[in-house]
Amino acid sequence: MHRAVISGSGLYAAPDLISNEELVAAYNEYARRFNADNAECIAGGEVAALGPSSVEFIEKASGIRQRRVVEKSGVLDPQRMRPRLTRRPDEALSLQAEMAVAAAREALANAGRTAADIDLVICAASAMQRAFPAIAIEVQHALGIAQGAAFDMDVACSSATFALDLARQNILTGAARAVLIVNPEVCSVGLAWKDRDCHFIFGDVATALVVERADETRADERWEILGAKLATRYSNNIRSNQGFYSHCEDRDPDDRDQYFMQEGRKVFKEVCPMAAEHIAAHLADLGLQPAGVRRFWLHQANIAMNQLIGKRLLGREATADDAPIILDEFANTASAGSIVAFHQHRADLQRGDHGVLCSFGAGYSIGSLVLRKL
Ligand code: COA
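Residues numbered from 1 in each chain as written. Predicted model: local features only at pLDDT ≥ 70, side-chain atom pairs only at ≥ 80, totals over all residues. Heavy atoms only, no water.

Asks: Can you explain the nonpolar core? Please cite residues and give values.
Replies: Core analysis: the biggest nonpolar cluster contains 55 residues, and Ile279, Phe296, Leu298, Ile309, Val356 and Phe360 have the highest contact counts within it. Those elements giving two or more residues to this core turn out to be helix H1 (20–37), helix H3 (55–62), helix H7 (264–285), strand E11 (295–298), helix H8 (303–314), strand E12 (354–361) and strand E13 (365–373). If one sorts the elements of this core by residue count, H7 sits on top with eight residues. With near-sequence residues (within four places) excluded, Phe296 lies in contact with Ile279, Leu283, Pro290, Leu313, Leu314, Asp322, Ala323, Pro324 and Val356. (Core = buried A, V, L, I, M, F, W, Y, C linked by side-chain atoms within 4.5 Å. Buried < 20%, exposed > 50% of the residue type's maximum accessible area, 1.4 Å probe, protein only. Helix = DSSP H or I, 4+ residues; strand = E, 2+ residues; numbered from the N terminus. Contact = heavy atoms within 4.5 Å.)

Spelled out as structure tokens, the structure:
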């Protein structure tokens with residue numbers, strides 16, 4: 001058996017920034033027009049008037065202050081309310097692959113690796129922009145990785161952590177020597193920007209990780225993966241019905257269920273205890289206690305969720321040092337969130353320190369990895 005380490009990470013932040021103020025102004029203009037256009041139906045009680053969104057609500061309910069997206073003019077256009085993307089020729093690199101490649105280059109440089117070293121590429125994200133060919137194979141090709149295999153996988157917000165476990169297993173068994181994981185999360189295309197209950201939630205980023213054999217790494221900073229624990233439990237509380245069957249069901253692209261939907265309160269109540277118990281059980285399996293963990297890189301959906309999970313684990317308020325928050329800057333970036341937190345908040349840890357990476361989200365799905373800095 002080999003030992004598996006994370007030897008590099010990378011982050012690509014989408015180019016356009018939307019502040020809460022800009023987002024709320026665009027939504028409120030959309031709502032004003034909707035209410036004016038439907039005044040009669042609203043007066044007759046057939047249609048409900050749209051209430052205004054507010055910056056105060058968003059910041060209090062979620063902790064999100066801004067988000068980055070691949071294209072903002074379409075999102076902020078009250079007539080459109082979705083990103084304006086240009087169709088690319090089949091020969092051109094896809095948007096998702098382009099973002100993944102940018103993050104991958106940083107992760108490879110970080111790990112002191114080149115395309116010649118990678119023998120498995122996994123693209124793990126909460127949605128793929130097309131059915132085939134796999135985005136991972138496109139990334140493999142774009143980076144000039146001439147050997148090995150590549151494939152896509154989707155476990156919603158837990159895609160990255162589930163991929164990390166898969167990479168770990170490939171390293172442990174010797175099936176692969178060096179694995180590149182990419183997480184291009186373009187959440188803005190699936191977000192219902194016309195729904196004030198969720199229009200503030202998501203942003204776009206790509207992250208990347210290199211996982212390889214401990215005895216072959218060249219990187220100065222290495223994180224051994226001591227263990228992984230994955231769990232799923234079916235729930236409809238986070239869902240999108242958009243997919244490759246939609247056009248055959250003669251769906252109107254504007255149907256509400258073609259976008260992200262959630263029962264936010266139920267998700268909050270059900271997922272927090274599940275995630276805290278999951279992490280505590282995982283640590284116990286490895287003979288560790290939450291108090292002995294130097295850092296928790298948690299999924300980044302909502303600041304109150306992370307505070308609650310931190311408190312349940314530590315028996316006290318978790319500080320920004322215990323469990324850093326990046327969602328204020330990036331919003332919820334699906335499976336990439338905990339990887340962004342890991343990428344930005346790990347350099348200050350000492351050799352021998354333990355950390356926990358944990359995702360939780362749609363499915364429900366929870367994935368945790370216990371790491372130790374070598
Ligand atoms: N601006 C102003 N008011 C708003 C609003 C907005 N943008 N969005 C909702 N409201 C209103 C609601 O209509 C509701 O009004 P009511 O009490 O009159 O019915 C009130 O504010 C409370 O809304 P609610 O949706 O219950 O708020 P919340 O405190 O549950 O916060 C979330 C909403 C989404 C931030 C929160 O539930 C959450 O983060 N849940 C978990 C999300 C998650 O992790 N999802 C995983 C996705 S991968």
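On we go from here.
Asks: Hey, could you go over the site of the ligand for me, with residue numbers and the actual values?
Replies: If you check the shell around the ligand, you find 19 residues, and the closest are Ser53, Arg196, Gln262, Arg265 and Asn302. Separating a nitrogen atom of the ligand from a backbone N or O atom of Ser54 is a distance of 3.2 Å. Between the ligand and Asp197 there is a distance of 3.5 Å, counted from a nitrogen atom to a side-chain nitrogen or oxygen. Considering the ligand on its own, with 970 Å² of exposed area, one finds that the protein chains cover 72% of that surface. Elements with a contribution of two residues or more to the shell around the ligand: H3 and H7. Here the element with the most residues in the shell around the ligand is H7; it accounts for three residues. In terms of residue class, the shell around the ligand is built from nine nonpolar, seven polar and three charged. (Near = heavy atom within 4 Å. Polar contact = N/O pair within 3.5 Å; in protein donor to acceptor, adjacent residues only side chain to side chain. Areas by Shrake-Rupley, 256 points an atom, 1.4 Å probe, with all protein chains shown as cover. Nonpolar A, V, L, I, M, F, W, Y, C, P; charged D, E, K, R; others polar.)

Asks: Now, about the environment of Glu249: what can you tell me, with residues and values included?
Replies: Tracing the backbone through its elements, the reader meets Glu249 in the loop between strand E9 (238–239) and strand E10 (261–262). Given a relative accessible area of 44%, Glu249 falls into the partly exposed group. Expressed as a C-alpha distance, the spacing of Glu249 and Tyr30, which sit 219 residues apart in the sequence, is 28 Å.

Asks: Describe the side chain of Arg213, naming the residues involved and giving the relevant values.
Replies: If you trace the backbone, Arg213 turns up in strand E7 (residues 204–213). Look at Arg213 and you get buried, because its relative accessible area is 9%. Not counting residues up to four positions away in its chain, the partners in contact with Arg213 are His2, Arg3, Val5, Ile171, Gly174, Ala176 and Arg177.

Asks: Could you give an account of the pairing of E12, with specific residues and numbers?
Replies: The element E12 is largely enclosed, with a buried count of eight among its eight residues. Where burial is concerned, the two faces of E12 agree: the one with His354, Val356, Cys358 and Phe360 and the one with Gly355, Leu357, Ser359 and Gly361 are both buried. Sheet topology places E11 next to E12; four bridges connect them, and they run parallel. Its bridge partner lying in E12, Trp297 is registered against Leu357. (Pairing = 2+ DSSP bridges.)

Asks: So what about the packing of aromatic side chains? Which residues, and what values?
Replies: Scanning the entire structure with this criterion turns up seven aromatic pairs. An angle of 75° between the planes, with centres 6.1 Å apart, marks the rings of Phe57 and Phe200 as edge-to-face. In this pair, Phe57 is assigned in helix H3 and Phe200 in the loop between strand E6 (178–186) and E7, connecting sequence segments 143 residues apart. Since its relative accessible area comes to 6%, Phe200 is described here as buried. Residues Trp297 and Phe342 carry aromatic rings whose centres are separated by 4.9 Å and whose planes lie at 90° to one another, so their mutual orientation is edge-to-face. With Trp297 in strand E11 and Phe342 in helix H10 (residues 337–344), this pair connects stretches of sequence that are 45 residues apart. Neither residue differs from the other here; Trp297 and Phe342 are each classed as buried. The structure contains a cluster of three or more aromatic residues connected by ring pairs, namely Tyr27, Tyr30 and Phe34. Over the face of the ring belonging to Phe342 we find Arg346, whose NZ or CZ atom lies 4.7 Å from the ring centre. (Phe/Tyr/Trp six-rings, centres within 6.5 Å; stacked < 30°, edge-to-face > 60°. Lys NZ or Arg CZ within 6 Å of the ring centre and 35° of its normal.)

Asks: I'd love a proper account of the pattern of salt bridges, names of residues and values included.
Replies: Overall, the coordinates contain 27 salt bridges when judged by the stated rule. Measuring nitrogen to oxygen at the nearest pair gives 3.0 Å for the salt bridge that ties Glu98 to Arg88. Here Glu98 is found in helix H4 (residues 95–111), whereas its partner Arg88 is found in the loop between strand E3 (66–69) and H4, with ten residues between them in sequence. Note that Asp257 and Arg251 form a salt bridge whose closest N and O atoms lie 2.6 Å from each other. Overall, the relative accessible area of 17% leaves Asp257 in the buried class. Salt bridges linked by common partners bring Arg113, Asp117, Glu212 and Arg218 together as one network. (Salt bridge = Lys/Arg side-chain N within 4 Å of Asp/Glu carboxyl O.)

Asks: Requested: an account of the sheet that holds E12, with residues and values cited.
Replies: If you trace the nine strands from one edge of the open sheet to the other, you get E5-E4-E6-E7-E1-E8-E13-E12-E11, paired in mixed fashion. Each end of this open sheet is capped by a strand with a single partner; those strands are strand E5 (149–153) and E11. Shown here is a sheet whose adjacent strand axes are inclined to one another by a mean of 25°, direction ignored. Here two bridges tie strand E1 (residues 4–13) to strand E8 (residues 223–232), and the two strands are oriented antiparallel to one another. Within E8, the position partnered with Val5 by the bridge is Glu224. Its contacts with the sheet put H4 on E1, E6 and E7, and the angle it makes with E1 is roughly 135°. Set on the sheet, helix H5 (residues 135–142) makes contact with strand E4 (120–124) and E5; between it and E5 the angle comes to about 140°. (Axes fitted to C-alpha atoms, helices over the stretch in contact; angles between N-to-C directions.)

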